[in-house]
Amino acid sequence: MKRIGVLVFPGFQILDLAAIAAFELANMHAGKPVYKVELLSEAGGLVASSSGVTTGSKRFGRARFDTLLMTGALTIEPTSEKMCRFLRAGLRNARRVASICTGAFGLADAGLLDGRRATTHWAFAHELQQRHPGIKVQPDRIFINDGPVWTSAGMTAGIDLVLALVEEDMGVEAARFIAKKLVVYHRRAGGQSQYSALLELEPRSDRIQQALVHARANLRDVLSVDELAEVAHLSPRQFSRAFKAETGQSPAHAVENLRVEAARALIDEGRLALGVVASETGFGDPERMRRAFLRTLGQPPQSVRRVARQQGATA
(Lines give C-alpha, C1' and ligand atoms only; values in the text may rest on other atoms or scores of the structure.)
Protein backbone atom coordinates (compact mmCIF):
# COMPACT_ATOMS: atom_id res chain seq x y z
CA MET A 1 0.00 0.00 0.00
CA LYS A 2 1.26 3.47 -0.92
CA ARG A 3 1.06 6.00 1.91
CA ILE A 4 0.16 9.50 0.77
CA GLY A 5 0.93 12.32 3.20
CA VAL A 6 -1.05 15.50 2.53
CA LEU A 7 0.43 18.51 4.32
CA VAL A 8 -1.98 21.14 5.69
CA PHE A 9 -1.37 24.25 7.77
CA PRO A 10 -3.50 27.04 9.28
CA GLY A 11 -5.11 28.96 6.43
CA PHE A 12 -4.67 26.28 3.76
CA GLN A 13 -7.07 26.30 0.80
CA ILE A 14 -9.77 23.67 1.38
CA LEU A 15 -10.33 23.11 -2.34
CA ASP A 16 -6.84 21.61 -2.61
CA LEU A 17 -8.09 18.62 -0.63
CA ALA A 18 -10.53 17.76 -3.43
CA ALA A 19 -7.65 16.21 -5.34
CA ILE A 20 -7.31 13.35 -2.87
CA ALA A 21 -10.65 11.98 -4.09
CA ALA A 22 -8.67 10.58 -7.02
CA PHE A 23 -6.73 8.33 -4.64
CA GLU A 24 -10.00 7.09 -3.12
CA LEU A 25 -11.38 6.27 -6.58
CA ALA A 26 -8.13 4.55 -7.50
CA ASN A 27 -8.75 2.16 -4.61
CA MET A 28 -12.28 1.62 -5.91
CA HIS A 29 -10.97 0.84 -9.39
CA ALA A 30 -8.38 -1.60 -8.06
CA GLY A 31 -10.86 -3.30 -5.75
CA LYS A 32 -8.35 -3.08 -2.93
CA PRO A 33 -6.55 -0.39 -0.89
CA VAL A 34 -3.70 0.78 -3.11
CA TYR A 35 -3.41 4.18 -1.43
CA LYS A 36 -3.74 5.27 2.18
CA VAL A 37 -4.15 9.04 2.54
CA GLU A 38 -3.13 10.75 5.78
CA LEU A 39 -3.49 14.47 6.54
CA LEU A 40 -0.38 15.81 8.25
CA SER A 41 0.40 19.07 10.02
CA GLU A 42 3.11 20.53 12.19
CA ALA A 43 1.17 20.32 15.46
CA GLY A 44 -1.44 17.69 14.61
CA GLY A 45 -5.09 17.92 15.60
CA LEU A 46 -7.66 20.19 14.01
CA VAL A 47 -6.39 22.61 11.37
CA ALA A 48 -8.56 25.47 10.08
CA SER A 49 -8.62 26.26 6.38
CA SER A 50 -8.89 29.82 5.05
CA SER A 51 -12.66 29.31 4.72
CA GLY A 52 -12.95 28.34 8.37
CA VAL A 53 -13.65 24.66 7.67
CA THR A 54 -11.43 22.48 9.87
CA THR A 55 -9.95 19.08 9.28
CA GLY A 56 -8.24 16.58 11.53
CA SER A 57 -4.56 15.85 11.04
CA LYS A 58 -1.66 13.85 12.43
CA ARG A 59 1.55 15.47 13.60
CA PHE A 60 4.21 14.74 11.02
CA GLY A 61 7.33 12.95 12.21
CA ARG A 62 9.74 10.36 10.87
CA ALA A 63 7.19 8.08 9.23
CA ARG A 64 8.00 7.29 5.60
CA PHE A 65 5.59 8.08 2.79
CA ASP A 66 5.44 7.09 -0.84
CA THR A 67 4.25 10.59 -1.80
CA LEU A 68 4.09 13.90 0.05
CA LEU A 69 1.57 16.44 -1.24
CA MET A 70 1.80 20.07 -0.12
CA THR A 71 -1.38 22.16 -0.18
CA GLY A 72 -1.49 25.89 -0.89
CA ALA A 73 -3.21 29.01 0.38
CA LEU A 74 -4.83 32.19 -0.91
CA THR A 75 -2.03 34.31 0.58
CA ILE A 76 1.67 33.54 0.75
CA GLU A 77 3.28 33.26 4.18
CA PRO A 78 6.82 32.04 4.99
CA THR A 79 7.05 28.29 5.47
CA SER A 80 8.08 27.28 8.98
CA GLU A 81 11.55 25.83 9.41
CA LYS A 82 10.05 22.65 10.85
CA MET A 83 7.92 22.19 7.73
CA CYS A 84 10.95 22.88 5.53
CA ARG A 85 12.99 20.23 7.34
CA PHE A 86 10.18 17.72 6.92
CA LEU A 87 9.90 18.48 3.20
CA ARG A 88 13.66 18.13 2.70
CA ALA A 89 13.59 14.79 4.52
CA GLY A 90 10.63 13.83 2.35
CA LEU A 91 12.60 14.42 -0.82
CA ARG A 92 15.27 12.08 0.50
CA ASN A 93 12.93 9.40 1.80
CA ALA A 94 9.75 9.53 -0.29
CA ARG A 95 9.43 8.43 -3.91
CA ARG A 96 8.06 11.83 -4.90
CA VAL A 97 7.06 15.19 -3.45
CA ALA A 98 4.33 17.33 -5.00
CA SER A 99 2.50 20.61 -4.48
CA ILE A 100 -0.88 22.01 -5.43
CA CYS A 101 -1.28 25.67 -6.37
CA THR A 102 0.77 27.95 -4.11
CA GLY A 103 2.04 24.92 -2.21
CA ALA A 104 4.99 25.38 -4.58
CA PHE A 105 6.15 28.21 -2.29
CA GLY A 106 6.51 25.66 0.51
CA LEU A 107 8.64 23.39 -1.67
CA ALA A 108 10.64 26.42 -2.81
CA ASP A 109 11.25 27.66 0.75
CA ALA A 110 12.58 24.20 1.57
CA GLY A 111 14.95 24.35 -1.40
CA LEU A 112 13.28 21.48 -3.25
CA LEU A 113 12.71 23.47 -6.44
CA ASP A 114 16.20 24.94 -6.86
CA GLY A 115 17.34 24.29 -10.43
CA ARG A 116 14.06 22.59 -11.30
CA ARG A 117 11.16 23.47 -13.56
CA ALA A 118 8.03 24.30 -11.61
CA THR A 119 4.64 25.95 -11.88
CA THR A 120 2.04 27.44 -9.56
CA HIS A 121 -1.16 29.46 -9.83
CA TRP A 122 -0.68 31.92 -12.71
CA ALA A 123 -1.38 34.90 -10.43
CA PHE A 124 1.59 33.97 -8.19
CA ALA A 125 4.08 32.75 -10.81
CA HIS A 126 5.95 36.07 -11.04
CA GLU A 127 6.23 36.30 -7.26
CA LEU A 128 7.57 32.74 -7.07
CA GLN A 129 10.23 33.60 -9.65
CA GLN A 130 11.18 36.81 -7.84
CA ARG A 131 11.49 35.13 -4.45
CA HIS A 132 13.38 32.13 -5.83
CA PRO A 133 15.43 33.07 -8.92
CA GLY A 134 16.99 29.61 -9.05
CA ILE A 135 13.67 28.03 -10.08
CA LYS A 136 12.72 27.69 -13.74
CA VAL A 137 9.16 28.92 -13.28
CA GLN A 138 6.80 28.05 -16.14
CA PRO A 139 3.47 29.79 -15.53
CA ASP A 140 1.86 28.38 -18.68
CA ARG A 141 1.45 24.82 -17.33
CA ILE A 142 -1.24 22.76 -15.65
CA PHE A 143 1.37 20.62 -13.90
CA ILE A 144 5.07 19.87 -14.22
CA ASN A 145 7.00 16.73 -13.36
CA ASP A 146 10.72 17.36 -12.82
CA GLY A 147 12.28 14.18 -11.51
CA PRO A 148 10.78 13.25 -8.12
CA VAL A 149 9.19 16.70 -7.73
CA TRP A 150 5.77 17.60 -9.14
CA THR A 151 4.05 20.98 -9.06
CA SER A 152 0.63 22.06 -10.30
CA ALA A 153 -1.22 25.22 -11.20
CA GLY A 154 -4.06 26.69 -9.17
CA MET A 155 -6.54 24.75 -7.06
CA THR A 156 -8.47 22.39 -9.38
CA ALA A 157 -5.25 21.68 -11.29
CA GLY A 158 -4.40 19.55 -8.28
CA ILE A 159 -6.90 17.03 -9.64
CA ASP A 160 -4.95 16.91 -12.91
CA LEU A 161 -1.78 16.41 -10.91
CA VAL A 162 -3.14 13.53 -8.82
CA LEU A 163 -4.64 11.90 -11.93
CA ALA A 164 -1.15 11.98 -13.45
CA LEU A 165 0.36 10.47 -10.29
CA VAL A 166 -2.20 7.66 -10.35
CA GLU A 167 -1.64 7.11 -14.08
CA GLU A 168 2.10 6.77 -13.40
CA ASP A 169 1.35 4.14 -10.74
CA MET A 170 -1.63 2.24 -12.16
CA GLY A 171 -1.79 3.00 -15.87
CA VAL A 172 -3.94 4.95 -18.25
CA GLU A 173 -7.14 2.89 -17.85
CA ALA A 174 -7.25 3.56 -14.12
CA ALA A 175 -6.79 7.29 -14.74
CA ARG A 176 -9.60 7.27 -17.32
CA PHE A 177 -11.91 5.49 -14.89
CA ILE A 178 -11.18 8.04 -12.15
CA ALA A 179 -11.60 11.02 -14.48
CA LYS A 180 -14.98 9.69 -15.59
CA LYS A 181 -16.09 9.28 -11.99
CA LEU A 182 -14.91 12.80 -11.15
CA VAL A 183 -16.56 14.19 -14.32
CA VAL A 184 -13.32 15.86 -15.45
CA TYR A 185 -11.12 15.53 -18.52
CA HIS A 186 -8.85 12.51 -18.31
CA ARG A 187 -5.88 14.53 -19.44
CA ARG A 188 -5.57 18.27 -19.57
CA ALA A 189 -1.98 17.76 -20.61
CA GLY A 190 0.81 19.18 -18.46
CA GLY A 191 1.75 21.34 -21.41
CA GLN A 192 -1.68 22.85 -21.75
CA SER A 193 -2.06 26.49 -20.87
CA GLN A 194 -3.66 27.48 -17.57
CA TYR A 195 -5.69 29.90 -19.67
CA SER A 196 -8.51 27.85 -21.16
CA ALA A 197 -9.89 28.98 -24.51
CA LEU A 198 -13.31 27.85 -23.32
CA LEU A 199 -13.11 29.94 -20.16
CA GLU A 200 -11.82 33.02 -21.96
CA LEU A 201 -14.95 33.15 -24.13
CA GLU A 202 -17.21 33.53 -21.06
CA PRO A 203 -20.62 33.43 -22.76
CA ARG A 204 -23.48 34.82 -20.71
CA SER A 205 -26.22 32.42 -21.80
CA ASP A 206 -26.53 28.70 -21.23
CA ARG A 207 -27.36 28.20 -24.91
CA ILE A 208 -24.03 29.54 -26.16
CA GLN A 209 -22.18 27.75 -23.37
CA GLN A 210 -23.88 24.50 -24.35
CA ALA A 211 -22.79 24.96 -27.97
CA LEU A 212 -19.20 25.58 -26.90
CA VAL A 213 -19.12 22.51 -24.67
CA HIS A 214 -20.48 20.47 -27.58
CA ALA A 215 -17.77 21.88 -29.85
CA ARG A 216 -15.01 21.09 -27.34
CA ALA A 217 -16.22 17.50 -27.04
CA ASN A 218 -16.55 16.97 -30.80
CA LEU A 219 -13.55 18.70 -32.34
CA ARG A 220 -13.06 15.94 -34.92
CA ASP A 221 -16.41 16.85 -36.51
CA VAL A 222 -16.98 19.64 -39.04
CA LEU A 223 -18.82 21.77 -36.45
CA SER A 224 -20.75 23.95 -38.84
CA VAL A 225 -22.76 26.95 -37.68
CA ASP A 226 -25.92 24.98 -38.45
CA GLU A 227 -24.84 22.16 -36.12
CA LEU A 228 -23.87 24.49 -33.27
CA ALA A 229 -27.05 26.51 -33.73
CA GLU A 230 -29.11 23.33 -33.43
CA VAL A 231 -27.36 22.46 -30.15
CA ALA A 232 -28.16 25.97 -28.90
CA HIS A 233 -31.79 25.68 -30.09
CA LEU A 234 -31.42 28.82 -32.22
CA SER A 235 -31.60 29.55 -35.93
CA PRO A 236 -28.17 29.84 -37.58
CA ARG A 237 -28.63 33.58 -37.99
CA GLN A 238 -29.72 34.08 -34.37
CA PHE A 239 -26.90 31.87 -33.16
CA SER A 240 -24.16 33.72 -35.09
CA ARG A 241 -25.43 37.07 -33.87
CA ALA A 242 -25.78 35.94 -30.24
CA PHE A 243 -22.42 34.15 -30.28
CA LYS A 244 -20.58 37.25 -31.52
CA ALA A 245 -22.38 39.50 -29.04
CA GLU A 246 -21.57 37.26 -26.05
CA THR A 247 -18.01 36.16 -26.85
CA GLY A 248 -16.66 38.84 -29.14
CA GLN A 249 -15.67 36.13 -31.64
CA SER A 250 -17.26 34.41 -34.59
CA PRO A 251 -18.16 30.74 -34.13
CA ALA A 252 -15.45 29.77 -36.65
CA HIS A 253 -12.78 31.72 -34.76
CA ALA A 254 -13.78 30.23 -31.43
CA VAL A 255 -13.76 26.68 -32.80
CA GLU A 256 -10.32 27.26 -34.28
CA ASN A 257 -9.02 28.42 -30.89
CA LEU A 258 -10.45 25.31 -29.22
CA ARG A 259 -8.79 23.13 -31.86
CA VAL A 260 -5.43 24.86 -31.44
CA GLU A 261 -5.63 24.41 -27.67
CA ALA A 262 -6.42 20.69 -28.00
CA ALA A 263 -3.75 20.18 -30.69
CA ARG A 264 -1.13 21.93 -28.59
CA ALA A 265 -1.89 19.63 -25.66
CA LEU A 266 -1.42 16.54 -27.85
CA ILE A 267 1.78 17.94 -29.36
CA ASP A 268 3.21 18.60 -25.90
CA GLU A 269 2.52 14.97 -24.98
CA GLY A 270 4.73 13.98 -27.90
CA ARG A 271 3.12 10.63 -28.65
CA LEU A 272 1.32 11.37 -31.92
CA ALA A 273 2.60 12.45 -35.33
CA LEU A 274 1.50 15.92 -36.41
CA GLY A 275 -0.72 14.47 -39.12
CA VAL A 276 -2.57 12.40 -36.53
CA VAL A 277 -2.88 15.41 -34.23
CA ALA A 278 -4.39 17.42 -37.10
CA SER A 279 -6.92 14.65 -37.75
CA GLU A 280 -7.81 14.13 -34.07
CA THR A 281 -8.50 17.82 -33.51
CA GLY A 282 -10.53 18.46 -36.65
CA PHE A 283 -8.01 20.35 -38.75
CA GLY A 284 -7.96 17.56 -41.29
CA ASP A 285 -4.42 18.11 -42.55
CA PRO A 286 -1.15 19.45 -41.07
CA GLU A 287 -1.03 22.52 -43.35
CA ARG A 288 -4.39 23.78 -42.14
CA MET A 289 -3.26 23.19 -38.57
CA ARG A 290 0.02 25.03 -39.25
CA ARG A 291 -1.81 28.12 -40.51
CA ALA A 292 -4.10 28.10 -37.46
CA PHE A 293 -1.12 27.83 -35.10
CA LEU A 294 0.58 30.78 -36.79
CA ARG A 295 -2.58 32.88 -36.44
CA THR A 296 -3.20 31.93 -32.81
CA LEU A 297 0.23 31.23 -31.30
CA GLY A 298 2.58 32.97 -33.72
CA GLN A 299 4.58 29.78 -34.25
CA PRO A 300 4.07 26.53 -36.20
CA PRO A 301 3.34 23.14 -34.58
CA GLN A 302 6.91 22.00 -35.30
CA SER A 303 8.27 24.75 -33.05
CA VAL A 304 5.84 23.83 -30.27
CA ARG A 305 6.95 20.20 -30.48
CA ARG A 306 10.63 21.15 -30.50
CA VAL A 307 10.24 23.22 -27.33
CA ALA A 308 8.30 20.41 -25.63
CA ARG A 309 11.05 17.91 -26.47
CA GLN A 310 13.76 20.25 -25.20
CA GLN A 311 11.90 20.71 -21.92
CA GLY A 312 11.41 16.97 -21.61
CA ALA A 313 15.12 16.37 -22.15
CA THR A 314 16.01 18.67 -19.25
CA ALA A 315 13.53 17.05 -16.86
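This one's a predicted model, so the numbers in the text were calculated from it and none came from an experiment.

A. Structural detail: the side chain of Arg305. Note that Arg305 resides in helix H14 (residues 301–313). For Arg305, which is buried and forms no salt bridge, the nearest opposite charge comes from Asp268, at a distance of 7.7 Å. There is a polar contact of 2.7 Å between the side chain of Arg305 and the backbone oxygen of Leu272. When near neighbours in sequence (up to four residues on either side) are disregarded, Arg305 contacts Leu266, Ile267, Gly270, Arg271, Leu272, Ala273 and Leu274.

B. Fine view of the nonpolar core. Residues Leu7, Leu87, Leu107 and Leu113 are the most contacted members of the largest nonpolar core, which totals 60 residues. Looking at which element gives the most residues to this core, the answer is helix H5 (residues 157–170), with 8 residues. Leu107 has contacts with Met70, Leu87, Val97, Ala98, Ser99, Leu112, Leu113, Val149, Trp150 and Thr151, leaving out every residue within four places of it along the chain. Counting 17 residues, the second-largest nonpolar core is a separate cluster that includes Ala211, Leu219, Leu223 and Phe239.

C. Inspection of the environment of Arg216 at higher detail. By the element assignment, Arg216 lies in helix H8 (residues 206–217). Judged by its relative accessible area of 17%, Arg216 is buried. In sequence terms Arg216 and Thr281 are 65 residues apart; their C-alpha atoms lie 9.5 Å from each other.

D. Representation of the sheet that holds strand E2 (residues 35–41) in the model. Spatial strand order, E5-E2-E1-E6-E7-E11-E10: 7 strands in an open sheet with mixed pairing. Every other strand in the sheet has two partners, leaving strand E5 (58–59) and strand E10 (143–146) as the edge strands with one partner each. The pairing of strand E6 (residues 67–70) with strand E7 (residues 96–99) spans 4 bridges and is classified as parallel. The residue bridging Thr67 from the neighbouring strand is Arg96, located in E7. The strands that helix H2 (residues 81–93) touches are strand E1 (2–7), E2, E6, E7 and strand E11 (149–152); relative to E6, the one it contacts most, it runs at about 145°.

E. Spotlight on helix H6 (residues 172–182). Where H6 is concerned, the buried positions are Ala174, Ala175, Ile178 and Ala179. The buried residues of H6 all sit within an arc of 135° when viewed along its axis, so they share a single face. Looking at the packing, one finds that the buried side of H6 touches helix H1 (21–30) and H5. Among the residues trailing H6, Val183 stands out with phi positive, at a value near 60°.

F. Geometry of the pairing of E7. The two faces of E7 match: Arg96 and Ala98 on one face and Val97 and Ser99 on the other face are all buried. Running through H2, the crossover from E6 to the neighbouring parallel element E7 is right-handed. For E7 and E11, the ladder comprises 3 bridges, and the chain directions are parallel. Along E11, the bridge assignment pairs Ala98 with Trp150.

Conventions we followed
- All residue numbers here refer to positions counted from 1 along the written sequence of the relevant chain.
- pLDDT decides what is reported in this predicted model: residues at 70 or higher carry local features, side-chain atom pairs at 80 or more are listed and counted, and totals for whole chains, interfaces and linings draw on all residues regardless.
- Computation of side-chain values covers all heavy atoms of the structure but excludes hydrogens and water.
- Strands here mean DSSP runs of E at least two residues long; helices mean DSSP runs of H or I at least four residues long; both are numbered from the N terminus.
- A 1.4 Å probe rolled over the protein chains alone gives each residue an accessible area, and that area as a share of the maximum for its type sets the label: buried under 20%, exposed over 50%, partly exposed in between.
- Lys and Arg are tallied as positive, Asp and Glu as negative. Neither His nor the chain termini are counted.
- The salt bridge criterion pairs a side-chain nitrogen of Lys or Arg with a carboxyl oxygen of Asp or Glu, the two atoms within 4 Å.
- Pairs of N or O atoms are called polar contacts if they sit within 3.5 Å, as long as, within protein, a hydrogen donor faces a hydrogen acceptor (for residues adjacent in sequence, only side-chain-to-side-chain pairs).
- What makes two residues a contact is simply this: any of their non-hydrogen atoms within 4.5 Å.
- In these notes, a set of buried Ala, Val, Leu, Ile, Met, Phe, Trp, Tyr and Cys residues joined through side-chain atoms within 4.5 Å is what counts as a nonpolar core.
- One bridge is not enough; two strands pair if DSSP finds at least two bridges between them.
- Lines fitted to C-alpha atoms define the axes here, with helix axes fitted over just the stretch in contact, and angles between the N-to-C directions of these axes take values from 0 to 180 degrees.
- It is the directions from the helix axis to the C-beta atoms that the arc portrays.
- Crossover handedness is defined by viewing with both strands directed away from the observer: a clockwise path from the first strand over the helix to the second marks the crossover as right-handed.

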